[in-house]
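# Summary of the model geometry
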2 protein chains.
Amino acid sequence: MAETRTAKTACAIIIGNEILSGRVQDRNLAYVAERLNDFGVRLREARVIPDDEDAIVAAVNECRREFDYVLTTGGIGPTHDDITAECVAKAFGVPIEINEKAAEALRARAGDRIDEARLRMARVPVGGKLIENAVSAAPGFQMENVFVMAGVPAVARAMVDALASRIAGGAPVRSRGVVAHLSEGSVAAALADIQERFPDTDIGSYPFYRSGRFGTTLVVRSTDAGRVDDAVEEIKAMVSGLGAEPEEELEGV
Amino acid sequence: MAETRTAKTACAIIIGNEILSGRVQDRNLAYVAERLNDFGVRLREARVIPDDEDAIVAAVNECRREFDYVLTTGGIGPTHDDITAECVAKAFGVPIEINEKAAEALRARAGDRIDEARLRMARVPVGGKLIENAVSAAPGFQMENVFVMAGVPAVARAMVDALASRIAGGAPVRSRGVVAHLSEGSVAAALADIQERFPDTDIGSYPFYRSGRFGTTLVVRSTDAGRVDDAVEEIKAMVSGLGAEPEEELEGV
C-alpha cells in the first residue's frame, strides 16, 4: 500500500523470558495493534526479547530511532527479574530514581505491606512521565517516543488505552473482509489480478479450517474507505464467479 | 544464567500483515520455543514483521548473522502476498526456481487444479533443501542456518518437528515451577535473595489471577537439573515461611 511519508509508525517490544520459553502465550500484541490503528499509527514490527539488560537496551535504542513510537510491555513489576525501567534509563543515558507520585500511589495501595521490593515499581527514569494504572497502581511511563507498560494483559490494555491522548497519528486504516469457502490456490490468480488494479490497498488471503470446512478470508486494507469498498465488490464478484457464496465479515481488522 | 559459549541460539521471524494488524493471534511462537528447547537450542528473540520485501530481507540477513539458527513462519502459500521464498532468495543473493520434487508433490495433490499460482509454492531458492510437509504438500525449505516454514499452525508444527534431525543443540534447559497464592510484592525480596545464591539459574515470577485467586508462579530454569531442584526447595520453604502452601507445577517450561 503506498503510504504517505506522514504515516506514523510504531514498534512493539514484548519483554519476557516466559514468552521466549513458551510458558506464556503473549496476549498483548493483538490489542496493541488494534488500538494503534485506532490512533492512526501503523504497527510495523514487534520484537519479543528476554528480561536481559543488553537485549532490552539494544532493542529500545534501535527501535526508538527507527520508528515514530515504541511501546514496550513487561518487566515493570516488583521482582528482581523486572528490569525494564532501569534498562530504559540506561538506554537514554539518564539516572533512575523513586518517582514520588508513583510511590504515593503504591503506598496507598500496599498500606503497611510497603517495602523496598514493592517500591521498585516506583522507580522511573529521570524525565519520565507517568502513565496511570487504574488496575493495580504501579505506573508505566513515557520517555520521549517510548511508552513503557505492564505485561499483565488487563493492566497493559488500560495503559494502551491511556495513550490515546499522547499519540498523534494519521488516518486509520480501513479494513473489510470477505469469507470464501474456497482454497487459496483456487483464488490466487484472480486475487493477484485485483491487487494489481488496486495498488493503493493491501489485499491479503488468510486461510482457515472451521466447523469442518476450509476456506480463506480475503481482506482489503487502505486508508481510503472508498477504494476498500470497490476492491471488496470485485472480490465478491470473483468469489461468486468461482461458484462460492461470498460472506461479508461483520468485524475484523 | 551463565551459559557456555557453545549454547546454540535461535531467532524466530514471524511473517504476516495479519498479525501486525491484530486480526490473527500468532500461535506458533510458543510451540517453536518449546521444541527448540527440546533440541537444546535457546530461542533468544522473535520478530514479527510484515509481508514486505525490505522488511523480510533485512530481518533474515540480520538474524542469520546474529543467531545460530533462524526459523521463519508465514508467507509460503500460493497467493500474491506470500513473498517469503523470493525474499529469502534475495537475502542470500541467489535465484529462485521451481523445485521439481516440490512441484511433483503439489501436482499429485492438486490434480488437474494445478496452475501457475499453486506452482508458486514449489518455488525454492537455488540451494534450498526441502522440509517436508505431510499435512498439505507445500514444502518449507532450509538455506544454510535459516529454516523457512508455513504460517498455518498445523503445518508449522509438523515442519518444526521435522527439524529435529537438522538442528544440533546443547543441553536442554530444565524448568520447574512452584505456584504460590501470594502477591509478587510479598515474595520479591526473598526471591531476589535466592536468585543471588543461584546465579547459574534464571528465576522468574509470573503473576496470575485464576478461579478468583491471585498468585504467582515461581519458575527456576537451568541446564543443571540438580541446581534447579535445590533452588526449588528453597523457594518452597520461602513460600511456606510466608504462610502459603507451595504447589508444585506438574508441567511447564
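Small disclaimer: the values here were computed from a predicted structure and weren't measured.

The rules we used
- Residues numbered from 1 in each chain as written.
- Chains lettered and ligands numbered in written order.
- Predicted model: local features only at pLDDT ≥ 70, side-chain atom pairs only at ≥ 80, totals over all residues.
- Heavy atoms only, no water.
- Helix = DSSP H or I, 4+ residues; strand = E, 2+ residues; numbered from the N terminus.
- Buried < 20%, exposed > 50% of the residue type's maximum accessible area, 1.4 Å probe, protein only.
- Areas by Shrake-Rupley, 256 points an atom, 1.4 Å probe, with all protein chains shown as cover.
- Lys, Arg positive; Asp, Glu negative; His and termini not counted.
- Charge placed at Lys NZ, Arg CZ, Asp CG, Glu CD.
- Salt bridge = Lys/Arg side-chain N within 4 Å of Asp/Glu carboxyl O.
- Contact = heavy atoms within 4.5 Å.
- Domains from an automatic or database assignment.
- Least-squares fit on C-alpha atoms with pLDDT ≥ 70 in both.
- Patch = residues over 30% accessible without salt bridge, like charges linked within 9 Å, V, L, I, M, F, W, Y side chains within 5 Å.
- Polar contact = N/O pair within 3.5 Å; in protein donor to acceptor, adjacent residues only side chain to side chain.
- Pairing = 2+ DSSP bridges.
- pLDDT = per-residue confidence, 0-100.
- Axes fitted to C-alpha atoms, helices over the stretch in contact; angles between N-to-C directions.
- Parallel < 35°, antiparallel > 145°, perpendicular 65-115°, else oblique.
- Left-handed = near helix turned anticlockwise from the far one by under 90°.
- Phe/Tyr/Trp six-rings, centres within 6.5 Å; stacked < 30°, edge-to-face > 60°.
- Lys NZ or Arg CZ within 6 Å of the ring centre and 35° of its normal.
- Core = buried A, V, L, I, M, F, W, Y, C linked by side-chain atoms within 4.5 Å.
- Buried area = accessible area lost by both parts, 1.4 Å probe.

Moving on, we get to the overall build of chain A. On a plain count of helices and strands, chain A comes out with 9 helices and 12 strands. The principal-axis extent of the C-alpha atoms belonging to chain A is close to 70 × 40 × 30 Å. The proportion of buried residues among the 253 residues of chain A is 55%. Just so you have it, chain A exposes about 10,900 Å², and 48% of that area is on carbon and sulfur atoms. Seen as two clouds, the 29 positive and the 40 negative side-chain charges of chain A have centres 3 Å apart.

Moving on, we get to the pattern of salt bridges. Side-chain pairs of opposite charge can arise where the charged atoms are in close proximity. Per the stated rule, a full pass over the model turns up 36 salt bridges over all chains. Here the salt bridges share partners, and the residues they tie into one network are A:Arg176, A:Asp229, A:Glu233, A:Lys236 and A:Glu248.

In this section: helix 2 (residues 29–38) of chain A. By the criterion of burial, helix 2 of chain A is predominantly enclosed, with 7 of the 10 residues buried. Within helix 2 of chain A the residues assigned to the buried category are A:Leu29, A:Ala30, A:Val32, A:Ala33, A:Arg35, A:Leu36 and A:Asn37. The inward-facing, buried residues of helix 2 of chain A contact strand 1 (8–15), strand 2 (41–49), strand 3 (69–73) and helix 7 (153–162) of chain A together with helix 1 (17–20) and strand 2 (41–49) of chain B. Following helix 2 of chain A by one or two positions, A:Gly40 adopts a phi angle in the positive range, close to 80 degrees.

Turning to the domain arrangement of chain A, a few remarks are in order. Here chain A is described as being made up of domain 1 (8–161) and domain 2 (175–248). Taking only C-alpha atoms, the centre of domain 1 of chain A and the centre of domain 2 of chain A are 38 Å apart.

This paragraph deals with helix 4 (residues 84–92) of chain A. Residue and element names in this part refer to chain A. Taking burial as the measure, the 9 residues of helix 4 include 7 buried ones, the bulk of the element. When helix 4 is considered as a whole, its buried residues turn out to be Thr 84, Ala 85, Cys 87, Val 88, Ala 89, Ala 91 and Phe 92. In the stretch just after helix 4, Gly 93 is the one whose phi turns positive, near 65 degrees.

This brings us to the relation of the copies chain A and chain B. You can overlay chain A on chain B at an RMSD of 0.0 Å; the transform is a turn of 180 degrees with a shift of 0.0 Å along its axis. Here the symmetry operator amounts to a two-fold rotation axis. Closest approach to the rotation axis among the C-alpha atoms of chain A is made by A:Arg47, whose C-alpha sits 2.2 Å away. By residue overlap, the copies meet face to face through one surface: 100% of the interface positions of chain A are interface positions in chain B.

A surface patch of like charges, here positive, comprises A:Arg27, A:Arg157, B:Arg27 and B:Arg157. For A:Arg157, the location among the structural elements is in helix 7. Judged by its relative accessible area of 32%, A:Arg157 is partly exposed.

Another aspect to go through is the side chain of A:Ser222. Residues and elements named next belong to chain A. Relative to the assigned elements, Ser 222 resides in strand 11 (residues 213–222). Ser 222 gets classed as buried once you look at its relative accessible area, which sits at 2%. A distance of 3.2 Å separates a polar atom in the side chain of Ser 222 from the backbone oxygen of Asp 200.

Residues and elements named next belong to chain A. With respect to the secondary-structure elements, Asp 81 resides in the loop between strand 3 and helix 4. One buried charged residue, Asp 81, forms no salt bridge at all, with the nearest opposite charge on Arg 120 at 6.5 Å. Side chain to side chain, Asp 81 and Thr 79 meet in a polar contact 2.6 Å long.

All names here are of chain B. Sheet topology places strand 10 (residues 202–210) next to strand 11 (residues 213–222); 9 bridges connect them, and they run antiparallel. Bridging from a neighbouring strand, Tyr 209 pairs with Phe 214 of strand 11. The turn linking strand 10 back onto strand 11 is made up of 2 residues, and Ser 211 within it adopts a positive phi angle of 45 degrees.

Attention now moves to the confidence of the model for chain A. For residues with low pLDDT, the predicted coordinates do not support detailed interpretation. Put simply, chain A has an average pLDDT of 93, and 98% of its residues get 70 or more. We note a pTM of 0.94 for the whole complex and an ipTM of 0.94 for its interfaces.

Residue and element names in this part refer to chain A. Two numbers describe how helix 2 lies on helix 7: the axes approach to 10 Å, and their chain directions differ by 15 degrees. Regarding the angle of helix 2 to helix 7, the classification is roughly parallel. Note on packing geometry: the crossing formed by helix 2 with helix 7 is right-handed. Contacts between helix 2 and helix 7 involve Tyr 31, Val 32 and Arg 35 from the former and Arg 157, Val 160 and Asp 161 from the latter.

Under the counting rule described, the total for this entry stands at 2 aromatic pairs over all chains. Aromatic side chains A:Tyr69 and A:Phe147 sit 6.1 Å apart centroid to centroid with 45 degrees between the ring planes, which places their arrangement in the tilted category. With A:Tyr69 in strand 3 and A:Phe147 in strand 8 (residues 146–149), this residue pair connects regions lying 78 residues apart in the sequence. Since its relative accessible area comes to 11%, A:Tyr69 is described here as buried. For B:Arg210, the ring lying beneath its charged end belongs to B:Phe208, and the centroid distance is 3.8 Å.

For the rest of this paragraph, the subject is the nonpolar core. Grouped together as the largest cluster of nonpolar side chains are 112 residues, with contacts concentrated most on A:Leu36, A:Leu71, A:Ile167, B:Leu36, B:Leu71 and B:Ile167. Setting aside residues up to four positions removed in sequence, A:Ile167 forms contacts with A:Leu36, A:Phe39, A:Val41, A:Tyr69, A:Leu71 and A:Phe147.

Opposite the 53 residues of chain A that make contact, chain B presents 53 residues. Summed over both partners, the interface of chain A with chain B buries about 4,200 Å², with 54% contributed by carbon and sulfur atoms. Among the residues of chain A in contact with chain B, A:Arg23, A:His80 and A:Tyr206 are the three that bury the most area, contributing 17% of the side total. Counting across the chain A and chain B interface gives 2 salt bridges. Of the charged contacts, one joins B:Arg23 and A:Glu249 as a salt bridge, the two residues approaching to 2.9 Å between their closest N and O atoms. Connecting chain A to chain B are 16 residue pairs in polar contact (both at pLDDT 80 or more). Elements that contribute at least two residues to the side of chain A that touches chain B include exactly helix 1 (17–20), helix 2, strand 2, helix 6 (116–119), helix 8 (184–197), strand 10 (202–210) and strand 11 of chain A. With 8 residues, the top contributor of residues to the side of chain A that touches chain B is helix 8 of chain A.

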